[in-house]
Every structure is written in structure tokens, then in C-alpha cells.
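If you want the building blocks of each chain, they are given just below.
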Amino acid sequence: MAGDVFEDVNLRPQPTLVADAVRRVICAPLWVSTRQEEPVRVIGVLYASARLDRPFFREADLEILTVLANTAAAKIETAWLLEAGMEQRRMQEGLRVAAEIQANLLPHFPARVPGYDLAGRTQSSEAVGGDFYDLAYDGSLLHLALGDVAGKGVGAAMLMVELRSTVRANWKQGPLAEAATRINGHFHLNIPADRYATFFLGRLSRTAASSPT
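Anyway, here's the lowdown on the structure attached to this text. (Residues numbered from 1 in each chain as written. Predicted model: local features only at pLDDT ≥ 70, side-chain atom pairs only at ≥ 80, totals over all residues. Heavy atoms only, no water.)

All right, on to the pattern of salt bridges then. What the rule picks out here adds up to 6 salt bridges. Here Glu-77 and Arg-41 are joined by a salt bridge, their closest N and O atoms 3.5 Å apart. Linking Glu-77 in helix 2 (residues 59-105) with Arg-41 in strand 2 (residues 41-51), this pair joins segments that are 36 residues apart in sequence. Overall, the relative accessible area of 9% leaves Glu-77 in the buried class. A salt bridge links Asp-61 to Arg-58; the nearest nitrogen and oxygen atoms lie 3.7 Å apart. For Arg-58, a relative accessible area of 54% puts it in the exposed group. In the salt-bridge network here, residues are joined through shared partners; they are Glu-93, Arg-96 and Glu-100. (Salt bridge = Lys/Arg side-chain N within 4 Å of Asp/Glu carboxyl O. Helix = DSSP H or I, 4+ residues; strand = E, 2+ residues; numbered from the N terminus. Buried < 20%, exposed > 50% of the residue type's maximum accessible area, 1.4 Å probe, protein only.)

Pasting the structure below:
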């Protein structure tokens, strides 16, 4: 609380005070503390001023301003917490949708190959992840793919989608080694230099498997 701001060397040169002929100032900080163990933070200040011809501010004025400042700080903090909660819920909903989309990219019903029982399952440590497998039977060959993109979360999930689309576009074309080479090359071109995936590609031929040795 300042009865005459021009007696304070820190306030005297302020252009706004000079321009508005402000001579008396009273302030109260906006204190907040989200949790009990956290230190109190100042998020702003409640400020009132008057010209020289107005009465001096009193201690009672400071008490009233302090009550208003505490109320305003509580309201602001509540609004921030509500906004943060809404943002968290939006993120959780986005992750839920992303997890559903990712789950739909994996085979729901394993390929049915006469003479074989096939099953597959992946469980990510987070809502979404980079684990990937795929199976497809074309009547003569069972095409198999298994991959794990480095990293976790949404970033790994996005690269997993890229890997799956690359595999699907190439895994049935040409000899197995050539298909794996194409997949590796295309995937490498579309991901950041510091990301990678471990990957297995295979084919099972019922004719070769059932022929006598």
C-alpha cells in the first residue's frame, strides 16, 4: 500500500502512473496452492489506484482487497482445474478411440488353414502401442507378419499403422526375400531416422509342409 507512489523510487518512473496522475496504490496478491504439500504460488495481483485528490487507502481497504483477491484466486484456480480436467478427459477419449481403431487393424478371426490351429493376441502396456501381427491365407500360402515398433504410446501406434499398410501392400508379391526387402525399404523411407521396428515375415505352404520328407 503506497500513500504517494512518487515517494517510491521503483514506482516513480512508471509511465502509466505518470500519465494517469496516479498517486495512491494498493495491491493484494492472488495466492493459490493446488495441493497441500505444494508451495503457495502467486498467479497475479489485484490492484487499485487513486489520484492525489482522493483519500488515502486505509488498512480496512487492504483487508477488503485481500478478501477479494483470495476469492478471485480460488475462482481462477477452480476454472483452471476444470479446464485441465476437461482436457484430460478429451485426451482419454482420444486414446480410447485410437485403441479401438488399432484393435480393428489386427486380425479378428485368425486365418483358417486346414491342418493347423492359429491364434494371435497382443496386449499393450499403454492404451495404444507398437505391437503388430497379421495373418492371411490365400488358399495355398499362409502369409504371416509379426512386428514391434520401438517406443510406446501414440507415436509407436502411428508407426505400427504405417508398418501394417506397408506389409499389406507388399507381402504377397514375389519371393519372400524380395517382399521383405521392399517392406523394409518403404517403411524406412516413411519414418524418422531415429525410429525402427523389429519385424518377422513368413509364409507357410501347406503343400510343402504336407509333402513326404
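Anyway, onward from the coordinates.
Here we take up the packing of helix 3 (residues 153-170) against helix 4 (residues 176-189). In a packed pair of helices, the relevant descriptors are the angle between the two axes and the axis-to-axis distance. Taken N-terminus to C-terminus, the directions of helix 3 and helix 4 make an angle of 145°; their axes are 9 Å apart at the nearest point. Our pair here, helix 3 against helix 4, has a crossing hand that is right-handed. Between helix 3, through Leu-159, Glu-162, Leu-163, Thr-166, Val-167 and Asn-170, and helix 4, the contact on the second element is made entirely by Ala-179, Arg-182, Ile-183, His-186 and Phe-187. Grouping the amino acids of the contact of helix 3 with helix 4 by side-chain chemistry returns 6 nonpolar, 3 polar and 2 charged. (Axes fitted to C-alpha atoms, helices over the stretch in contact; angles between N-to-C directions. Left-handed = near helix turned anticlockwise from the far one by under 90°. Contact = heavy atoms within 4.5 Å. Nonpolar A, V, L, I, M, F, W, Y, C, P; charged D, E, K, R; others polar.)

Attention now goes to helix 4. The periodicity of an α-helix, 3.6 residues per turn, causes residues three or four positions apart to be oriented the same way. Between the first and last C-alpha of helix 4 there are 20 Å, a value that for 14 residues agrees with the 20 Å anticipated at 1.5 Å per step. Buried residues belonging to helix 4 abut helix 3 and strand 5 (197-205). (Expected span 1.5 Å × (residues − 1).)

Taken together, Trp-31, Val-40 and Val-42 make up a surface patch of nonpolar side chains, about 300 Å² in accessible area. Its place among the elements puts Val-40 in the loop between strand 1 (22-32) and strand 2. (Patch = residues over 30% accessible without salt bridge, like charges linked within 9 Å, V, L, I, M, F, W, Y side chains within 5 Å. Areas by Shrake-Rupley, 256 points an atom, 1.4 Å probe, with all protein chains shown as cover.)

Ranked by size, the top nonpolar core spans 17 residues in total, and within it Leu-163, Val-167 and Trp-171 carry the most contacts. Of all the secondary-structure elements, those providing two or more residues to this core are strand 3 (131-137), strand 4 (141-149), helix 3 and helix 4. Broken down by element, the residue count for this core peaks at 5 residues, all from helix 3. Residues in contact with Val-167, not counting those within four places in the same chain, are Phe-132, Ala-145, Ile-183 and Phe-199. Counting residues in each nonpolar core, the second largest holds 7 residues, with Ile-26, Ala-28, Val-32 and Ala-73 among its members. (Core = buried A, V, L, I, M, F, W, Y, C linked by side-chain atoms within 4.5 Å.)

In space, the 3 strands of this open sheet follow the order 3-4-5, with antiparallel pairing throughout. Two strands bound the open sheet, and with one partner strand each, they are strand 3 and strand 5. Averaged over all pairs of adjacent strands, the angle between their axes in this sheet comes to 10°, without regard to strand direction. Bridging between strand 3 and strand 4 involves 7 bridges; their strand directions are antiparallel. Along strand 4, the bridge assignment pairs Leu-135 with Leu-144. Sitting on the sheet, helix 3 is in contact with strand 3, strand 4 and strand 5, with an inclination near 20° to strand 3. (Pairing = 2+ DSSP bridges.)

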